[in-house]
Amino acid sequence: MQSFLRQHIEKIVKLTDDEAAFIVEHFVEEHFSKNAFLFKQGEHVNRCFFVVKGLLKLLYTDDSGKTHIVSFAMEDWWESDFHAFLNNAHAVMSLQCIEATDVLSITTENFHKLCAGLQKMEHFLLVKTLAGNIAAQQRIISFLTSDARERYERLLNRYPSLFQRVPKSLIASYLGVSRETLSRLSS
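Residues numbered from 1 in each chain as written. Predicted model: local features only at pLDDT ≥ 70, side-chain atom pairs only at ≥ 80, totals over all residues. Heavy atoms only, no water.

Caption draft 1: Looking closely at the overall build of the protein chain. Across its full length, the protein chain carries nine helices and eight strands. For 187 residues, the compact-globule formula gives about 16 Å, and the C-alpha radius of gyration of the protein chain, at 17 Å, lands near that figure. Overall size of the protein chain, expressed as C-alpha extent along the three principal axes, is 55 × 35 × 30 Å. Looking at the protein chain as a whole, 42% of its 187 residues qualify as buried. (Helix = DSSP H or I, 4+ residues; strand = E, 2+ residues; numbered from the N terminus. Rg over C-alpha atoms; globule rule 2.2 N^0.38 Å. Buried < 20%, exposed > 50% of the residue type's maximum accessible area, 1.4 Å probe, protein only.)

So this is what it looks like as structure tokens:
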């Protein structure tokens, strides 16, 4: 699992063996079964997760009890309730496994130690954070300017493997459409 993390980081910054060993010291390997929660809405969140194998969904349940899929996270992706993670707060979202999932987790404390101890990681995490912000902004713009078919086609073209791994009801929630509408879009 550690070699997978190193390969992921080295897509942005090159590491020496000592630097890679220093990074790995800050992470913990964790394994979760299908449908397990890594954390639930309202719980304290002090970990961020790098997905080595498996698939996660970040979800928000509104006051009426309706669940909304905020994002999916598959291999080579990072996920958490980042506001809670960085501010030592309670989650406003839940993180759940769609498949059995292996992750490397880092606590908020170790995250700060890692960034303070290795400037390359600060650069790496800045690049990853900006990429995540760009994706979130593009998703918001898509919801504001695109119809359901365009959002469906964009998701299908960008992440075709999701359609084999994720139940249609979850894809519908992510796209902001009903299951019936998704069926019409996919036919």
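Back to the write-up after that little detour.
Caption draft 2: Quick look at the pattern of salt bridges. For the structure on display, the rule yields nine salt bridges. Notably, a salt bridge pairs Arg165 with Glu75, separated by 2.9 Å at the nearest N-O pair. Note that Arg165 is positioned in helix H7 (residues 162-165) and Glu75 in the loop between strand S5 (67-74) and strand S6 (78-79), a separation of 90 residues in sequence. Through salt bridges with shared partners, a single ionic network connects Arg6, Glu10 and Asp17. (Salt bridge = Lys/Arg side-chain N within 4 Å of Asp/Glu carboxyl O.)

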